[in-house]
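Each chain, written out:
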Amino acid sequence: MSITIHDKVHDVDREYIPGMGRNPGEERQVSHLYVEITLPDPDDVRLTIDTYLPMCQRGWNRSNGASFSIFRGHVAARGVCKICQRRAEAGLPGVESKPGSHKTKWL
Ligand SMILES: [Zn+2]
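Rules used in this analysis
- Residues numbered from 1 in each chain as written.
- Predicted model: local features only at pLDDT ≥ 70, side-chain atom pairs only at ≥ 80, totals over all residues.
- Helix = DSSP H or I, 4+ residues; strand = E, 2+ residues; numbered from the N terminus.
- Rg over C-alpha atoms; globule rule 2.2 N^0.38 Å.
- Buried ≥ 20, exposed ≤ 12 C-beta atoms within 10 Å, placed from the backbone.
- Contact = placed C-beta atoms within 7 Å.
- Arc of directions from axis to C-beta.
- Core = buried A, V, L, I, M, F, W, Y, C linked by C-beta atoms within 7 Å.
- Pairing = 2+ DSSP bridges.

Visitor: An account of the overall build of the protein is requested, with residue identities and associated values reported.
Guide: Across its full length, the protein holds 1 helix and 5 strands. Its helices and strands in sequence order give the protein the pattern β-β-β-β-β-α, from N to C terminus. Computed over the C-alpha atoms, the radius of gyration of the protein is 14 Å, within 12% of the 13 Å expected from 2.2 N^0.38 for a compact globule of 107 residues. Dimensions along the principal axes, computed over C-alpha positions, put the protein at roughly 40 × 35 × 25 Å. Buried residues in the protein amount to 27% of all 107 residues. Sequence-distant contacts in the protein: of pairs separated by 6 or more residues, those separated by 24 or more amount to 67%.

Below is the structure:
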């Protein structure tokens, strides 16, 4: 299941995947939004790979901000993260991982 959010700045609708964290207890928190992006394949520059970026730094929920593990398409008990939602409405891109930016929260 994807979520459509209207980008108020560029006046377009975009699709986002809600991601419920796989860490224990995250089903009781918020789901962050993830946007699909296409990157050059690091193993073969002629190819591309499709991947996802979260719309806020908290979406990097593993290894203290270096990676994420989510149930795609699932919205957790507290709904969708307000920061992710605001960034999507403002037409901002997904955020790159920043290892060490915050501790993984084991609930
Ligand atoms: Zn978020």
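Visitor: Describe the environment of L53, listing the residues and the values that go with them.
Guide: You can see L53 is positioned in strand β4 (residues 44–54). Assessed through the 18 C-beta atoms surrounding it within 10 Å, L53 is described here as partly exposed. C-alpha of L53 to C-alpha of F71: the two residues are 18 residues apart in sequence and 14 Å apart in space. If sequence neighbours within four positions are ignored, L53 has contacts with Y34, V35, I37, G94, V95 and E96.

Visitor: Tell me about helix α1 (residues 82–89), residues and numbers included.
Guide: Among the residues of α1, those classed as buried are C84, R87 and A88. Relative to the axis of α1, the buried residues are bounded by an arc of 100 degrees and lie together on one face.

Visitor: I'd like a rundown of the nonpolar core, residues and numbers included.
Guide: With 17 residues, the main nonpolar core has Y16, L33, M55, C56, C81, C84 and A88 as its most contacted residues. Those elements that place two or more of their residues in this core are β2 (12–21), β3 (32–41) and α1. For this core, the element with the highest residue contribution is β3, accounting for 3 residues. Every residue in contact with C84, bar those within four places of it in the chain, is listed here: H32, L33, M55, C56 and G59.

Visitor: Outline the pairing of β4, listing residues and values.
Guide: The buried fraction of β4 is low, at 1 of 11 residues. As defined by bridge partners, β3 adjoins β4 across 8 bridges and the pair is classed as antiparallel. What sits directly across from E36, in β4, is Y52. Hairpin geometry of β3 and β4 is characterised by an intervening segment of 2 residues between the two adjacent antiparallel strands.

Visitor: Kindly report on the pairing of strand β1 (residues 3–7), identifying the contributing residues and their values.
Guide: The pairing of β1 with β2 spans 5 bridges and is classified as antiparallel. Bridge pairing in β2 places I3 opposite Y16. Taking the residues between adjacent antiparallel strands as the criterion, β1 and β2 are bridged by 4 residues, where D11 takes a positive phi near 55 degrees.

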